[in-house]
Amino acid sequence: MSASQTAAGCAKAAPVLDFDAVIIGAGVSGLYQLYRLRELGLRARILETGSGVGGTWYWNRYPGARFDSESYTYAYSFSQELLEEWNWAERFAGQAETERYLNHVADKFDLRRDIQFNSRVAAASYYEETRSWDVALEDGRRYSTRFLITAIGVLSAATMPRIAGVESFRGQSFHTHYWPKEPVSFESKRVAVIGTGATAVQAITEIAKTVGQLTVFQRTPNWCAPLHNAKIGEDEMRRIRASYPEIFARCNESPGCFIHKPDRRRTHEVSPEEREAFWEKLYAEPGFGIWQGNFRDILTDRGANALISDFIARKIRQRVKDPVIAEKLIPKNHGFGTRRVPLESGYYEVYNQPNVKLVDINETPIERIIPTGIRTSDTEYEFDMIIYATGFDAITGTFDRIDIRGIDGVSLKDRWKDGPQTYLGVLIEDFPNMLMVMGPHAALGNFPRAVEYNVDWVTGLIRHARDRGVTRIEATAAGVAQWTDHVKASGEGLLFNEIDSWMTGVNRNVEGKQTRKIMRYSGGHPTFREHCDAVVAEGYRELALV
Ligand code: NAP
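Only a predicted model underlies this, so the values are computations on that prediction, with no experimental measurement involved.

Conventions used here
- Residues numbered from 1 in each chain as written.
- Predicted model: local features only at pLDDT ≥ 70, side-chain atom pairs only at ≥ 80, totals over all residues.
- Heavy atoms only, no water.
- Axes fitted to C-alpha atoms, helices over the stretch in contact; angles between N-to-C directions.
- Helix = DSSP H or I, 4+ residues; strand = E, 2+ residues; numbered from the N terminus.
- Parallel < 35°, antiparallel > 145°, perpendicular 65-115°, else oblique.
- Left-handed = near helix turned anticlockwise from the far one by under 90°.
- Contact = heavy atoms within 4.5 Å.
- Nonpolar A, V, L, I, M, F, W, Y, C, P; charged D, E, K, R; others polar.
- Salt bridge = Lys/Arg side-chain N within 4 Å of Asp/Glu carboxyl O.
- Buried < 20%, exposed > 50% of the residue type's maximum accessible area, 1.4 Å probe, protein only.

Draft legend 1. Summary view of the packing of helix H10 (residues 272–284) against helix H12 (residues 302–319). Two elements in contact, H10 and H12, have axes whose closest approach is 11 Å; the angle formed by their N-to-C orientations is 55°. In terms of orientation, H10 and H12 fall into the oblique class. Of the two elements, H10 crosses H12, and the hand of that crossing is right-handed. Along its contact with H10, which presents Arg-275, Glu-276, Trp-279, Glu-280 and Tyr-283, the element H12 presents Leu-307, Ile-308, Phe-311, Ile-312, Arg-314, Lys-315 and Arg-319. Across the contact of H10 with H12, the residue classes tally to six nonpolar, no polar and six charged.

Draft legend 2. Spatial organisation of the environment of Val-437. Within the secondary structure, Val-437 is located in the loop between strand E18 (434–436) and helix H17 (447–467). With 13 residues separating them in the primary sequence, Val-437 and Ala-450 have C-alpha atoms 9.4 Å apart. Excluding anything up to four places from it in sequence, Val-437 contacts Ser-29, Gln-33, Ile-149, Thr-150, Ala-151, Asn-454, Val-455 and Val-458.

Draft legend 3. View of the pattern of salt bridges. Enumeration over the complete set of coordinates arrives at 44 salt bridges. Ionic pairing is found between Lys-328 and Glu-363, a salt bridge with its closest N-O pair at 3.0 Å. Here Lys-328, found in helix H13 (residues 323–329), pairs with Glu-363, found in the loop between strand E12 (356–360) and strand E13 (366–370); they are 35 residues apart in sequence, far enough to count as distant. Judged by relative accessible area, which is 53%, Glu-363 ranks as exposed. A salt bridge links Arg-449 to Glu-452; its shortest N-O distance comes to 2.9 Å. With a gap of three residues between them, Arg-449 and Glu-452 both fall in helix H17, about one helical turn apart. With relative accessibility at 7%, the residue Glu-452 sits in the buried group.

And the structure:
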């Protein structure tokens, strides 16, 4: 049976397409999307840049890379058999364990035969005559497909800093995202790390264990809180396994799909003593509780936010011996939780080591990278290795790196110049048959939890189309306008939308990404799902299906 006879139904031109669906990316979302489309009997293929599965967990193999969400909340829930057979070794799995898990999933469901590795998609164009997409790889290979499904993640387009002389450095240098598969030794080496986001916080803590000398170049400190990782023993794993239904249900009820739900109380409703005791308890507990399970107003009420920020600042002062360094590590331009909170395992204590130095580049800016190291405004540092933990062109960046063309050649990059416009974070007007899993304006948070809902929704839509012989799916202008307005409204009053970070689309290393935009849905997952479910219940309202 050809692709045109399966998904294409009664398309006018009845083209013979290579595939019913091309999925870009073999990460958490792409793997699950392939599994679901196979169930529908579609001819689907994943095109993946890397040489293995895992997406984020394939690329980011820098030292210290691990979950900040509890491993057992990060697992797929769609297969009881998978839940039964997989044992998590750590409460917050490291990169190697997660990569093993995703490989296990790919093998168990025999997904590899439909995954094409070493295949970077460079361009994709929609053709109205055939109601299909033409997908071109960087190496020139091309494929035609009815549906184009992007499963490219939100943090996949790594960015180097715009610092002169990067190419001139004669030592080893790495961006954390492109960390080599071979072991890298830091012993007796003079190592520089540029950046202090969640990635750097993990990497710095790990590298500090064996490094000769470490110098951290910090532009903006972040509010970090303890991870409290631990091994999961057999008994604990048995208990976790028995409570998977409750665990997943709890995640689905929380705004971020995390196991931690906001406390119903407001910060000022309790006495200072009670507040302090609550925060001490959260600080001593594993995971994102201090951020996601805190008083419900810490991210909306400036007074509340100032109090929790003061609590965390006191913790930093207690943990860092040198008061001058402690002050440098305390954020002054944003409150706790208004940027993604990095979870740490001894990060602050690293700065008590005699072989670790913190350079505040607001005081002494980096002037350039030189062959022997880094020149700042006041000195030249010599290094054997420079590590760029400088983040990503987030959310829309990976889309921008593919030349995506819709009706009449309209460019997606141009369309989203002033910020993304989508319908439910899945569809875009003028880009028929392109479906995004975890696209801009979807709800972020605990990724696999959100992915499973998104993929199921996309799969439901494709099933609906197939069953009715529909070969063209497009969001209406009204649908896109309504959703985009709703996404903007849902972000009003939230303190994190007033702060520059990847979550608000700011990346000073990327042209045109200097101003804040509403990039994601912040109304919470339960509300997001309600909206998407209602669209289905009303016969795919605001979608043109022909
Ligand atoms: P990031 O949070 O965007 O941090 C990038 C860092 O590089 C920032 O400190 C930034 O400073 C700095 N930087 C960028 N350009 C610079 C320049 N030209 N000069 C000096 N410093 C520069 O990126 P990330 O740390 O890779 O983390 C991104 C996201 O990935 C996280 O927020 C998280 O969602 C995810 N992540 C998750 C995990 C996990 O689950 N465990 C681990 C790591 C990352 P400014 O702040 O001043 O721009």
